[in-house]
Amino acid sequence: MIRVIALRLIGAIPNLIGVVVVTFLLTRALPGDPAAFFAGAAATPEAVEQIREKLGLNKTLIEQFGLYLFDLARGDFGQSLSTGQPVLTELVQRLPASLELTFFALLLATIIALPLGIMAATRPGSWIDHLCRLITTAGVSLPTFFTGLLLAYVFYFLLGIAPSPLGRLDPVFSPPRPVTGMYLIDSLLAGEGALFRACLAQLILPAITMGVFVLAPLARMTRASMLGVLSSDFIRTARASGLASSTVLYTYAFRNALLPVVTTLGMVFSFLLGSNVLVEKVFAWPGIGSYAIESLTASDYAPIQGFVLTMGVLYVLLNLSIDLIYGLIDPRVGLEA
Amino acid sequence: MSATLRHIRYVLSENLVTLGAFALFTAFVLLAVLGPIVAPYDPLATDTARAMQPPSAAHWFGTDALGRDILSRIIIATRLDFGIAVAAVALSFVFGIALGLAAGFFGGWWDRIILRLADTIMAFPLFVLAMGIVAALGNSVANIVYATAIINLPFYIRVARAEANVRRNAGFVEAARLAGNGDWRILSHHIFPNILPPAMVQVSLNMGWAILNAAGLSFIGLGVRPPTPEWGIMVAEGATYIISGEWWVAFFPGMVLMLAVFCFNLLGDGLRDIIDPRRRT
Amino acid sequence: MSAEIPLLKVENFGLEFRTRSGVVHALEGLNLAIRKGETVGLVGESGSGKSVLSFAMLGISDAAARVTGGSAWFGGLDLLKAGESDLAEIRGREISMIFQNPRTALNPIRRVGAQIEDVLKRHAAVRSADLRARAVEALRSVNIPDPERRYAAYPFELSGGMCQRVMIALALACGPALLIADEPTTGLDVTTQAGIMDLIAERARASGMATLFITHDLALAAEHCDRIIVMHAGHIVEAAPRRELFAAPRHPYTAQLIRATPAAGSLLEGLSAIPGNLPDLRRRDLPSCRFRERCERASSACDAPLPRIDAEALSGVACWHPLAVVAEAA
């Protein structure tokens, strides 16, 4: 078991290296003078030269890479031109907001997609099956930014149910005491019910927007996987043994069907992290996505590099976790390792 | 051949939805080609007196903040959005298949390096990588195409590599070599034709995804600049107004965008049913 | 055999499959009976409908299957008309089934001990504290070495033969009256095969359990069954006690089957094949005797509807030109 975990960890290292290399190359691929880009449009020629020295842009590519790695290890992700803050500080501060949004969206999507997929598989040809097919085809066609706008329009403007889509928390409230950085959890830990509801109210629409998009692949995979499992030999044995249909469905069929669904989570997270950026813009959510967009608008390159690197590392770690979870669920995995 | 035609007719008749998607696809292509002729107004012509008008008989989709006719802008944007998607997918297809074939056919170091390339691309959330590439290369439509092409490479690399591997391991290659065929001939005659079916399905699905990608990038300000009409940027322009009730500026471009992507996804599913029903989900 | 009410009595059973390419008339006019403690072999080529029959008994047929008529009486209940809850009570407790490919027939990500416990929990009134002990006992009763340790094993950690033993343990856990064994030894090596067959026979003897043994291997059936029923293309063509069947087969198909079975010392050249193929069961013009087109003895008399073998008869043949019974010197 330990061996399997260790092997998986080692297997993630080349991907981490790849992420670091790519983010390094991206900034060196800037057309024109990279130093000028990092120094900003308003910089004097002396400032540009300073940046060039500091980033070692006059050295060979290998040496530059070495410097880059050294800086990263020290936690130096550069400085944001527009805010003057170190990039790492701002990223760390904003990351919990993005993570809360992502995980909540995944939770919402899973709560709907899994039962939907199971029901569609056990009642082929029924209205649930057709609904499932409709959702899975339409869901992946929805542009997340558009869905967000529509939801805000309907629920905030037309129906007045949702609060104004202007960030994480109504300014009337102050954020809960930071323990995890995630407002929902922190407000629960502090026992503040009204605050919890306020945070939830702000979180619901952006989370639904993101969740709707990933609902489709999850439901599709659950349905397909269940269909496959339900026609397998061991289900026939279970039924021939007279096991109750709930036992057959959940203990036997669903647990086995879950395996390919877990594998799909990798792709799901790719969508989630990508659409995070778009949703944060629509709902003015103060996460790392909106940080990146603000920096793009200001042609501020160090934060963008930090953002891409963070997202890359986050994604590699998420995929690693998925692999490990899969290894825990499926006892056969130890064999291949 | 007639068996294939019968099968296609069977699938299409079973699946009126696919037929509908195909009709929609044709409509879009016509719009892209005939855009300037069909559009009722000049998409760039501003008329501040008629700004922010809701849909009416004169302006079916209303006007935007600068008084431009939204319907005309949407029609003209079709050419740009489709153009970006086609160019990006074509690049992905050509380079991805070539790399994948090399990896699967020659094996060894070719395989390792190309696979490493594909894995590195896939190590990022794809949209984020596209953002990074466009930010690095510069804010232009060409770079949107390149970025979208790069992030779609791994799909084609994998498809081509898998097929080439299967043939290689099955002894096809040795047999063909023994019969005197050179590498190039083997690749083009024996391996490439077998890659086409799954690759074509991938192309259709990727087109939808490429359009979404390009629209997403321009929504956050990358690539297309105002006043160029493009579906994503039009939704961005309408974003500020929709919250205060002026829904049509963002609604119509968004709906058309959704329709286009939906159309490609349905086509892709239909193609997959025709070509390989076993993989149907 | 005593003239008592049979354990299972199937009469005039027919079944068809609705498929995209037409209706498959899989089974027609089947009559058979199994008595308490009997071992009956059901033999026939692949595609003759043997497994389809057994699945229908337990109500676990494919979704496309439709019963076209007949009855299957088991202990006062017509299995073909019974509701799902009634059938679920019988499955695993009164009638059990074991399948071929034992490894895929067990849940791959659940420990074998847990799988046996699932059946015990369902059918036997066992206290939770005793479940584990009963499961280990079940494993021991099928001669699995070191059952305490094997209790926690996953199917992929066991050999094919051991998986089959686990399946047998699963099937016999609640002491059923009838065991249906669908090709249980196909795919196992000969030594393991013998071990499995002996195990089944021994357990059947010990508890007075009846066995319906489905196989395409006539030699295997000859070794282990009291009575043999021969199927062809969805019909039952002959039934007879073992010795009688092999000494004097009456249906031309049975005779050809016996001839085609290699015996020790057969030469390759001496092996005969049965001419022709099974008829396409989707045809609307299927003859009343489905062996007709492969039979050298066919005549215009064969157009008449086939004589059916009586369910409770010990032997019978469904043929208008049965082979003559030659009296042999004992």
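Just so we're clear, the structure is a prediction, and the values are computed from it rather than from any experiment.

A. Geometry of the overall build of chain B. The secondary structure content of chain B amounts to 10 helices and zero strands. Listed by position from the N terminus, the elements making up chain B come as α-α-α-α-α-α-α-α-α-α. Along the first, second and third principal axes, the C-alpha atoms of chain B reach 75 × 50 × 30 Å. Sorting the 281 residues of chain B into buried and exposed places 50% on the buried side.

B. Representation of unusual backbone geometry in the model. With an omega of 5°, the peptide bond between Pro226 of chain B and Pro227 of chain B qualifies as cis. Looking at the secondary structure, you find Pro227 of chain B in the loop between helix 8 (183–219) and helix 9 (231–242). Positive phi outside glycine occurs at Asn143 of chain C, with the angle close to 60°. On the secondary structure map, Asn143 of chain C appears in the loop between helix 5 (128–141) and helix 6 (147–150). One non-glycine residue, Ala233 of chain C, lies in positive phi territory at about 50°. Assignment of secondary structure puts Ala233 of chain C in the loop between strand 9 (227–232) and strand 10 (235–241). The exposure class assigned to Ala233 of chain C is buried, which follows from the 25 C-beta atoms found within 10 Å.

C. Looking closely at the packing of helix 7 (residues 144–158) of chain A against helix 9 (residues 193–230) of chain A. Residue and element names in this part refer to chain A. Where helix 7 meets helix 9, the axes come as close as 9 Å, and the angle between the chain directions of the two elements is 140°. The orientation of helix 7 relative to helix 9 falls into the category oblique. Crossing geometry of helix 7 relative to helix 9 is assigned as right-handed. Residues Thr144, Thr147, Gly148, Leu151, Ala152 and Phe155 of helix 7 form the contact with helix 9, whose own contacting residues are Leu205, Pro206, Ile208, Thr209, Met210, Val212 and Phe213. Partitioning the contact of helix 7 with helix 9 into residue classes produces nine nonpolar, four polar and no charged.

D. Broad picture of helix 11 (residues 245–282) of chain A. Residues and elements named next belong to chain A. The end-to-end C-alpha distance of helix 11, which contains 38 residues, comes to just 45 Å, noticeably less than the 56 Å that a straight helix rising 1.5 Å per residue would cover. Remark: the principal bend of helix 11, roughly 40°, maps to Phe254. Two residues or fewer past helix 11, Ala284 is found with a positive phi of approximately 50°.

E. Geometry of the environment of Thr222 of chain A. Here Thr222 of chain A is to be found in helix 9. Leave out the neighbours within four places in its chain, and Thr222 of chain A touches Ala113, Leu114, Gly117, Ile118, Ala257 and Val261 of chain A.

F. Examining the interface of chain A and chain B more closely. With 42 residues of chain A in contact, the opposing surface of chain B contributes 39 residues. Contributions of two or more residues to the side of chain A that touches chain B are made by helix 1 (2–28), helix 6 (127–139), helix 7, helix 9, helix 11, helix 12 (288–297) and helix 13 (301–329) of chain A. Along the lines of polarity and charge, the residues of the side of chain A that touches chain B split into 31 nonpolar, nine polar and two charged.

G. Focus on the sheet that holds strand 7 (residues 178–182) of chain C. All names here are of chain C. Strand order in the open sheet formed by seven strands is 6-7-8-3-9-10-11, with mixed pairing between adjacent strands. Each edge of the sheet is formed by a strand with only one pairing partner; in this case those strands are strand 6 (95–98) and strand 11 (316–317). Direction of pairing for strand 9 relative to strand 10: antiparallel, over a ladder of six bridges. Bridging across to strand 10, Val230 finds its partner in Glu238. On the sheet, helix 7 (residues 160–172) packs against strand 6 and strand 7 and is oriented at approximately 170° with respect to strand 6.

Parameters and conventions
Residues numbered from 1 in each chain as written. Chains lettered and ligands numbered in written order. Predicted model: local features only at pLDDT ≥ 70, side-chain atom pairs only at ≥ 80, totals over all residues. Helix = DSSP H or I, 4+ residues; strand = E, 2+ residues; numbered from the N terminus. Buried ≥ 20, exposed ≤ 12 C-beta atoms within 10 Å, placed from the backbone. Axes fitted to C-alpha atoms, helices over the stretch in contact; angles between N-to-C directions. Parallel < 35°, antiparallel > 145°, perpendicular 65-115°, else oblique. Left-handed = near helix turned anticlockwise from the far one by under 90°. Contact = placed C-beta atoms within 7 Å. Nonpolar A, V, L, I, M, F, W, Y, C, P; charged D, E, K, R; others polar. Expected span 1.5 Å × (residues − 1). Bend = angle between axes of the 7 residues up to and from the residue. Pairing = 2+ DSSP bridges.

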